[in-house]
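Single-letter residue listing:
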Amino acid sequence: MPLRLFNTLTRRVEDFIPADPGGARITFYSCGPTVYDDAHIGNFRSFLAADVLRRWIESPLCELADGRGGVHRGPRHVTHVMNITDVGHMTDDAEGGEHGEDRMAVAGRRITEAKKSGKLPADVQVNPGDPYQIARFYEDRFKDDARRLGLKLVLDHDSGADNMPRATDNIDGMKRMIARLIERGHAYVAGAPGSRVVYFRVLSFVPYGRLSGNTLDKLKEGEGGRISAENQSQKEHPADFLLWKEDPRHIMKWDSPWGSGYPGWHIECSVMSAVNLLGRAAFDSMLARDGITGPIIDLHSGGEDNIFPHHECEIAQTCACFMAPPKLSDPASATYSRMWFHPRFLLVEGTKMSKSKGNFFTARDLFAPPPQGKGIEPAALRLELIKTHYRSNANFTMQGLEDSRRTIERWRRFASLAHQGRDQKGAESSSLQRASIAFADALHDDLNIAGAIAAVNSWMNETPSPTAADAALLSTIDAVLGVLSLEKPKEAQTSLGVFMDGLTPDPAVIAKLEDRRAARAAKDFAKSDQIRDELLAMGYAIKDVPGGKVEVRRK
């Protein structure tokens, strides 16, 4: 069975048929981070789901339908692009982004306060009054977190790929696209010089609302979170959305035919997906033509919160700018991506993530060693964030994170045994084939990651003495899951304890281990058990190991 995915646009599971399944590359665009703060684990859940999908499409085990009744088997190359949004986001994005404060200004105050409070080291070189420095500061932190989590497109970027474009580097393309939309009658300028606004004319794009279900009749009634009375007086339709805002007082601004100002936050992805996936020459050519037919990229992803308004508006402005008038009876002509992929939200301990509830985590919060953070290893966090099916809300828990860590440890032990083993034939080759087929069948079925992980665990259960062939298959599987290649936390040893998973030896823990050793030497086992319980209460689990030492892990 070839790869089938749920397409948000058509609301059904269907074959993923790129323009050229067996060609040199498949084009994939993911909406990336807004770099006015650190990315949280909910953001990374979406980014990592897209990463697993990209890795699976590239795998030699993955088969794609060719649209002609045939199937193409990998490997193949995916050109994966993710934008860096460093302009255009306002505090009133939900109401159109016209009257709020630039989020970079908010971020500047946050950095200033963090330096004063000591949360951010005083020697961190970032000027809170410079929006470009703020953006680079958070962009670098995002890339560092993503690198540690094995996000492949960041590794591509590190190798020189031009696949993480910044919005501020593409303002000229946005202005050219807006001008083209005005020329084709899909956008209009409202307001007097000094306060001009360019809006997209939604009535000019009949399929508006097909992706999200927020059709124009509903938006007239004020539904969908895009209606604000303050913003409506100049609009032809309440759902018309911002393309450019003239505002010479704005913290980030550029000259344009419609005055000095800034772009709306939807237009950037239309430009960067075309420029960075198809090339500058193709972008220029599409702007000059009267209209092309059919989708122009293969795959587009983002969190489910991007469906509306962002991706709905993105479809409208891109199709209106580049394509021939769409036909409602032909879904392919009303989108510029063949497939729309949207992972759902992440809950934390069963509730919505919130700073006020104390359950809001960034990746770096979890990576940092105690007491500043949780000291979680990247492989465990990656597995925890990818192991739930992308179309289900994931529930992030500390117990689940520990379960993921144990799974990683088990896979590492299997890999170590397999690399020491020898090739054998017979039952082992049959087991390998079953494991390979089961893993592929699960991922072909709408990226069923839980089924794929279950297939891996079943295979390992059946293989007590893995061979070099098992090691090879595990390497192919991990090229998709992306966990075993990540950094492994180093153990730290003292005369008494072996501190696992990157734990830093804590003097208070060492003191209790010394007391416990004295109690055991005196055969006071009740006291020894009491100290074990005290360590548990402190968040540490211990285990006696050969050599008279004690292994110390997080509880």
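Model, not experiment: these values are computed from the prediction.

Student: Explain the overall build of the protein residue by residue, including any values.
Tutor: Counting secondary structure elements, the protein contains 18 helices and 19 strands. On C-alpha atoms alone, the protein measures out to a radius of gyration of 26 Å, which is about the 24 Å that the 2.2 N^0.38 rule sets for 555 residues. Within the protein, the fraction of its 555 residues that count as buried is 54%. Counting contacts in the protein only where the partners sit at least 6 residues apart, residues at least 24 apart contribute 70% of the total. Surface summary for the protein: the accessible area is close to 23300 Å², and the carbon and sulfur share equals 50%. Placing the 72 positive and 74 negative side-chain charges of the protein at their respective mean positions leaves the two points 2 Å apart.

Student: How would you summarise the packing of helix 1 (residues 41-58) against helix 12 (residues 378-386) if you had to cite specific residues and measurements?
Tutor: Put simply, helix 1 and helix 12 touch, their axes get as near as 9 Å, and they point 85° apart. Put simply, helix 1 runs roughly perpendicular to helix 12. Contacts between helix 1 and helix 12 pair Ile-41, Phe-44, Arg-45, Leu-48, Asp-51, Val-52 and Arg-55 from the former with Leu-381, Arg-382, Leu-385 and Ile-386 from the latter.

Student: Which residues make up the pairing of strand 3 (residues 26-30), and what are the values?
Tutor: Strand 3 sits mainly inside the fold: five of its five residues count as buried. As judged from the five bridges shared by strand 3 and strand 6 (residues 78-82), these two strands associate in the parallel manner. Bridge assignment links Ile-26 to a residue of strand 6, and that residue is Val-78. Looking at chain direction, strand 3 and strand 11 (residues 297-301) are connected through three bridges and run parallel. Note on strand 11: the bridge partner recorded for Ser-30 is Ser-301.

Student: A description of the confidence of the model for the protein should follow, citing residues and the corresponding values.
Tutor: On average, the protein scores 90 in pLDDT, and the residues at 70 or more come to 93%. Across residues 222-227 the pLDDT falls below 50, and counting only partners more than four positions away or on other chains, this stretch makes 21 contacts in the model.

Student: Which residues make up the sheet that holds strand 16 (residues 492-493), and what values do they have?
Tutor: Taken in spatial order, the four strands make up an open sheet running 16-17-19-18, and their pairing is mixed. At either end of the open sheet lies a strand with only one pairing partner, and these are strand 16 and strand 18 (540-545). Each of strand 17 (497-499), strand 18 and strand 19 (549-554) is contacted by helix 17 (residues 507-521), which is oriented at about 45° to strand 18, the strand it contacts most.

Student: Can you lay out helix 15 (residues 449-461) for me, pointing to particular residues and giving the numbers?
Tutor: Working note: α-helix, 3.6 residues per turn, so residues spaced by three or four point in the same direction. With 13 residues, helix 15 should cover 18 Å at 1.5 Å per step; its first-to-last C-alpha distance of 18 Å lies within 8% of that length. Taken together, the buried positions of helix 15 are Ile-449, Ala-452, Ile-453, Ala-455, Val-456, Trp-459 and Met-460. One side of helix 15 carries all its buried residues, which in axial view fall inside an arc of 155°.

Student: Explain the pattern of salt bridges to me, using residue names and the numbers behind them.
Tutor: Tallying each qualifying case throughout the model produces 38 salt bridges. With its nearest N and O atoms 2.8 Å apart, the salt bridge here joins Asp-156 to Arg-54. With Asp-156 in helix 4 (residues 152-158) and Arg-54 in helix 1, this pair connects stretches of sequence that are 102 residues apart. Looking at Asp-156, the relative accessible area reads 22%, which means it is partly exposed. For Arg-412, the salt bridge is made with Glu-377, and the minimal N-O distance between the two is 2.8 Å. Taken together, the positions of Arg-412 in helix 13 (residues 398-420) and Glu-377 in the loop between helix 11 (363-367) and helix 12 put the pair 35 residues apart, joining distant regions of the chain.

Student: Residue-level account of the sheet that holds strand 14 (residues 351-352), with values.
Tutor: Spatial ordering of the open sheet is given by 14-13-15, a layout of three strands whose pairing is mixed. The open sheet has two edge strands, strand 14 and strand 15 (394-396), and neither has a second partner. The sheet contact formed by strand 13 (residues 346-348) and strand 15 spans three bridges and is parallel. Bridge pairing links Val-348 to Phe-396 in strand 15. Where helix 1 meets the sheet, its contacts fall on strand 13 and strand 15, and the angle it forms with strand 13 comes to roughly 145°.

Student: So what's going on with unusual backbone geometry? Residues and values would help.
Tutor: Cis rather than trans, the peptide bond between Gly-74 and Pro-75 has omega equal to 10°. One can find Pro-75 in the loop between strand 5 (71-73) and strand 6. Look at the link from Phe-308 to Pro-309: it is a cis peptide, with omega at 10°. Examined against the element boundaries, Pro-309 turns out to sit in helix 10 (residues 307-322). At Leu-447, a position not held by glycine, the phi torsion is positive, near 55°. Relative to the elements of secondary structure, Leu-447 occurs in the loop between helix 14 (427-444) and helix 15. Overall, Leu-447 belongs to the buried group, its relative accessible area being 5%. Of note, the phi angle at Lys-523 is positive, near 60°, even though the residue is not glycine. Looking at where Lys-523 falls in the secondary structure, it is placed in the loop between helix 17 and helix 18 (525-537).

Student: So what's going on with the state of the cysteines? Which residues, and what values?
Tutor: Enumeration over the complete set of coordinates arrives at zero disulfides. Cys-319 takes part in no disulfide bond, and the closest cysteine sulfur to it belongs to Cys-321, at a distance of 10 Å.

Student: Let's hear about the packing of aromatic side chains: which residues, and what values?
Tutor: In total, this model carries 14 aromatic pairs according to the counting rule given. On the numbers, 5.5 Å between centres and 10° between planes, the contact of Phe-44 with Phe-142 is stacked. On the criterion of sequence distance, the pair formed by Phe-44 in helix 1 and Phe-142 in helix 3 (residues 131-148) is long-range, its members being 98 residues apart. You can call Phe-44 buried: its relative accessible area is 1%. A residue is classified by how much of its surface remains accessible, and Phe-142, at 3% relative accessible area, is buried. An angle of 80° between the planes, with centres 6.0 Å apart, marks the rings of Trp-56 and Phe-439 as edge-to-face.

Student: How would you sum up the side chain of Glu-409? Please name residues and give values.
Tutor: Mapped onto the elements of the fold, Glu-409 is located in helix 13. There is a polar contact of 3.0 Å between the side chain of Glu-409 and the side chain of Arg-412.

Student: Can you explain the environment of Met-82? Please cite residues and give values.
Tutor: The residue Met-82 is located in strand 6 in this model. Accessibility expressed as a relative area gives 1% for Met-82, which makes it buried. If we skip the residues at most four places from it in the chain, Met-82 touches Ser-30, Cys-31, Gly-32, Pro-33, Phe-47, Phe-142, Leu-151, Leu-153, Asn-163, Met-164 and Pro-165.

Thresholds, definitions, all that
- The residue numbers shown here count from 1 along each chain, following its written sequence.
- Given that this is a predicted model, residues contribute local features only at a pLDDT of at least 70 and side-chain atom pairs are listed and counted only at 80 or more, while totals for whole chains, interfaces and linings are drawn from all residues.
- Values reported for side chains reflect all heavy atoms of the structure, with hydrogen atoms and water molecules removed beforehand.
- Put simply, DSSP H or I for four residues or longer makes a helix, DSSP E for two residues or longer makes a strand, and each gets a number counted from the N terminus.
- Restricting the calculation to C-alpha atoms gives the radius of gyration, and the globule rule supplies 2.2 Å times the number of residues raised to the power 0.38.
- A simple rule labels every residue: compare its accessible area, found with a 1.4 Å probe on the protein chains alone, to the largest value its type can have, and call it buried under 20%, exposed over 50%, or partly exposed in between.
- Contacts are assigned to residue pairs with any non-hydrogen atoms lying within 4.5 Å of each other.
- Residue-level accessible areas treat just the shown protein chains as cover; the underlying method is Shrake-Rupley with a 1.4 Å probe.
- Positive charge is attributed to Lys and Arg, negative charge to Asp and Glu, and no charge count is given to His or to the chain ends.
- Where a charge sits is defined by one atom per residue type, namely NZ (Lys), CZ (Arg), CG (Asp) or CD (Glu).
- To get an axis, fit a line to the C-alpha atoms, keeping to the stretch in contact for a helix; angles then go from 0 to 180 degrees between the N-to-C directions.
- Roughly parallel refers to an angle under 35 degrees, roughly antiparallel to one over 145, roughly perpendicular to one between 65 and 115, and oblique to any angle outside these ranges.
- Each pair of strands is called paired provided DSSP finds at least two bridges between the two strands.
- pLDDT is defined as a per-residue confidence score from the predictor, taking values between 0 and 100.
- Expected helix span is taken as 1.5 Å per residue step, with the number of steps being one fewer than the number of residues.
- Picture the helix axis, draw a direction to every C-beta atom, and the arc is the one those directions span.
- What counts as a salt bridge is simple: a side-chain nitrogen of Lys or Arg found within 4 Å of a carboxyl oxygen of Asp or Glu.
- Cysteine sulfur atoms are paired as a disulfide whenever they fall within 2.5 Å.
- When the centres of two rings from Phe, Tyr and Trp lie within 6.5 Å, Trp using its six-membered ring, the rings pair. Their planes under 30 degrees apart give stacked, over 60 give edge-to-face, and anything left gives tilted.
- Counting of polar contacts relies on pairs of N or O atoms within 3.5 Å, with two restrictions inside protein: one atom must be capable of donating a hydrogen and the other of accepting it, and residues adjacent in sequence are counted only when both atoms are side-chain atoms.

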